[in-house]
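# Overview (structure and organization)
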Amino acid sequence: MLKILQTTVYRGPNIWARMPSIHYVLDIGELEDRPTNKIPGFYEHLTELLPSLYDHGCSLGRPGGFLQRMREGTWMGHVLEHVALELQNLAGAEVVRGKTRSTQERGVYNVIFQYEQEDVGLAAGQLALRLLNDIIYHTEPDMDFVKEHENKVIRVAERLAYGPSTGSIVQEAARRGIPNIRLDPRRSFVQLGHGKYQKRIWATVTSETANIAVEVASNKELTNRLMHEIGIPVPRSIVVTSEDEAVRTAHRIGYPVVIKPLDGNHGRGVFINLTSEEDIREFYPSALAEARGNSILVESFIRGRDYRILVVNSQVVAVAERVPAHVVGDGVHNVQQLIDITNADPRRGVGHEKILTRISVDGQTMEVLERDNRTLETVPAAGEFVQLKLTGNMSTGGTSIDRTDEIHPDNIEIARQAAMVVGLDIAGIDFITEDITVSAREYGGAICEVNAGPGFRMHTNPTEGHPRHVGRAVVDMMFPKGAESRVPIVAVTGTNGKTTTTRMIAHIMKVSGRTVGLTTTDGIYIDGTQILAGDMSGPTSARMVLKNPTIDFAVLETARGGILRSGLGFDRCNIGVVTNIASDHLGLKGIDSLSELARVKEVVVSSVMRDGASVLNADNEFCVGMTRVARGEIIFFSMDEENPVIQEHIRNKGRAVVLRQSRQGEMITIIENRRETSLLLASQIPATMEGRIRVNIENAMAAAAAALADDVNLDYIRLGLRTFNNSFANTPGRFNLLDLGSKRVLMDYCHNVAGLESIGDFVKRMDAERTTAVISLPGDRSDGDMLAFGTLAGKIFDKIIIREDDNTRGRAKGEIAELLRAAIEGTGKSMDDVEIILNEMEASQTAVDRAEKGDLVILMVDKPTKVWAQLTGGEPM
């Protein structure tokens, strides 16, 4: 049996694909020896149930390509990928991308497929699994089985997927590269654009739609009066609040009449062509049931065809003739049979998931048939038109005919003025006239409604005629030519230095006048103010920043865990920065080597825009290796200007930031097209402690390169780096030096060997008489990491106190400390200088209390804020 061993939902670019994807680890078991051409009847049965698989080109790139792969023999993971995609397409999605790759374990595959709506993708994947198992193991699924479960996927899609109106706008925005974020997973409420440039839509109501206009449109009597007062033809109408009043009003207006809720929409409760008091009394309760209040509008009935004119930004962009749900007799079948035949049309589906909606038989259907002296058992004559609904709404099974190219100029002007007098930026004008191609002012006709939030399906998918790309007009209105939609995004990843580099970049941008949204492992900051504390380096935090309407720049720390868990929190970034790749978190979540870790981190630079830049560490071989996938311009930074990678890059007229030995000292230098510019001395950057903290020189160069990529003025870059310090308030837990009288205390969140090497280099440059260190490692690091860390610590520090985090991440209490102690002992260090104090606060205080004048105490902290407060006797500053 096929079994899904693990499911991961990626909501952004990820290690497998540049789009939202579902990843299965799939066990195909004994089917590893049975490709599709070795399973009798499999091909025939699957293609009978899902004939639309013919459209899948697969790697052959042409229709029928996937079917050829199945005939030749392919593995079941590959088939699951395509079936999951096709089931989503049958539910109304447009997904085509996927891939299947074998793993090192026999019979286990990575299956990845694209989705538009997460729950729809998951439902399709589960149905695909069940369907394939049933075919392979002869439980013989039939077409009814497939339809039943296909409808389940469709119902999920109907509940959660964008409707055709919202979808047309979102798709057009995506085509133009305008980002979108769904603000409510169960509603068509969408943010287009990022930060200060964002606009919002709720179906076809936009953030520019005036509330007063919506209120006016919802009051049909007021709407009619406003139009009448500027000379727009409208039916005579009167508001009533009782059935008897409706009858009296109809007599006054003159039959035939229309009754409808004063505040209704989507054609609900509308009853037309009522010709008698009996009709009024029959349909009045139904109209009242659809009203939010108790007011009903009685208006004169305008004879003619029903047209919907779509006006966007005061321009007519589409016109459709709406035909009520109906069947056409053939002289053989009765009405019910004709409805069943009509609903079998593959263009018809549940709700809005297809071009047309299936016709339902309800009370209104029975009333319409009864008025025409018909029943469901009536057999209409050949060619006889049998109306089944009162109005032409698509949602009740109606059809539409595109008439955009036929409308008379006078009627265009009438519709434009109607939308403008109501004040709607997007309006659906219901226009009744015998012929839209002639002027309603000369030959009769009227506007019976002006609708806020009109549906687009009749225009984007007309039953007859040309589809109209009306979403384009909406996006044109919201984002005129030249308008910004994205804030620049700098995404920073790597093993060490991410947080400091991220903060340096944000500081430079703030100095240059930007309002920066910042995510780090310490929290989320908007324009320098922390709005949330904690590890905020994942995709959810990134989206929080991009939703903020005040920012015009985003700097996002992007950690390994978030990428593996659900991908990036953005579709593309302008600048990607990779600080370094070093041993950390190996053995977790399937990442066992540095090359695999690099593959995770390179997702950031592979998501850079083509006109953006990838900033890479030329001193790190894994970063250099990312040039094969990095997009945009490559800008290297290096502590060694003689680095061959730098030299080759410069020869090719690439840009770089390097550390150069000059007469004044170590100079951070920018090289552009072989032109060299001295930026500032490393010692002038407070965060380097006069050049002693080498990693912060490296981080400063990465930040300078990112700012250079954004064309920030060099004076702002200099000012930003000169005013950036590594105080606790600025970079908590990152090389914070605390002066306690005669004692110096360094706090750092050191959690891997590379970080410890940096501390060791700093210790040497400090010329301390003695060093005491409080050390630990997170419990999810491997025993090998523990050994290497303890060994190095034993060589660097004079005295060592070993502590543990409160959360030992699956290890027994004391186990981490014992592993580190054994490693230190292996260096030959006297155990008299090594002590275990598991509690972090106690261990830190003990180390400081025992220190003597001139000593340097190094605290490797997990709770920097609490330790800082304990040592200083107050809140950190």
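Conventions we followed
- Residues numbered from 1 in each chain as written.
- Predicted model: local features only at pLDDT ≥ 70, side-chain atom pairs only at ≥ 80, totals over all residues.
- Heavy atoms only, no water.
- Helix = DSSP H or I, 4+ residues; strand = E, 2+ residues; numbered from the N terminus.
- Buried < 20%, exposed > 50% of the residue type's maximum accessible area, 1.4 Å probe, protein only.
- Contact = heavy atoms within 4.5 Å.
- Areas by Shrake-Rupley, 256 points an atom, 1.4 Å probe, with all protein chains shown as cover.
- Lys, Arg positive; Asp, Glu negative; His and termini not counted.
- Charge placed at Lys NZ, Arg CZ, Asp CG, Glu CD.
- Pairing = 2+ DSSP bridges.
- Core = buried A, V, L, I, M, F, W, Y, C linked by side-chain atoms within 4.5 Å.
- Disulfide = S-S within 2.5 Å.
- Axes fitted to C-alpha atoms, helices over the stretch in contact; angles between N-to-C directions.

### A few points about the overall build of the protein chain
Tallying secondary structure elements over the protein chain gives 29 helices and 38 strands in all. The proportion of buried residues among the 877 residues of the protein chain is 56%. Of the contacts formed within the protein chain by residues at least 6 apart in sequence, a portion of 66% connects residues at least 24 apart. Carbon and sulfur atoms provide 48% of the accessible area of the protein chain, an area that totals close to 36100 Å². Computing the positive centroid from 98 side-chain charges and the negative centroid from 116, the protein chain places the two 4 Å apart.

### Details of the pairing of strand β27 (residues 573-578)
Taking burial as the measure, the six residues of β27 include five buried ones, the bulk of the element. Sheet topology places strand β22 (residues 489-493) next to β27; four bridges connect them, and they run parallel. Bridge pairing in β27 places T493 opposite V578. As paired elements, β27 and strand β28 (residues 608-617) share five bridges and run parallel to each other. Across the sheet, the residue bridging to V578 is L616, located in β28.

### Remarks on the nonpolar core
In terms of nonpolar packing, the biggest core is built from 46 residues, with I15, A554 and F570 touching the most fellow members. Counting residues per element, this core draws most heavily on helix α20 (residues 594-606), at six residues. Sequence-distant contacts of F570, that is, excluding residues within four places in its chain, are made with P13, I489, A491, L546, L556 and T558. Listed in part, the 44 residues of the second largest apolar core include L50, L80, V120 and A124.

### A look at the state of the cysteines
Evaluation of the coordinates by the stated rule reveals zero disulfides. Among the cysteines around C573, which has no disulfide bond, C623 carries the closest sulfur, lying 15 Å off. For C573, a relative accessible area of 0% corresponds to the buried category. Free of any disulfide, C750 has its nearest cysteine sulfur in C623, 19 Å distant. Residue classification places C750 among the buried positions, given a relative accessible area of 5%.

### Focus on the sheet that holds strand β8 (residues 205-206)
Across the sheet, which stays open at both edges, the four strands sit in the order β5-β6-β7-β8 with antiparallel pairing between neighbours. Each edge of the open sheet carries a strand with a single partner, namely β5 (180-184) and β8. Judged from the four bridges that link them, β5 and strand β6 (residues 189-192) form a sheet pairing that is antiparallel. Residue pairing in the sheet places N180 in a bridge with L192 of β6. Sheet contacts for helix α6 (residues 164-175): β5, β6 and β7 (199-202); angle to β6, the most-contacted strand, approximately 20 degrees.

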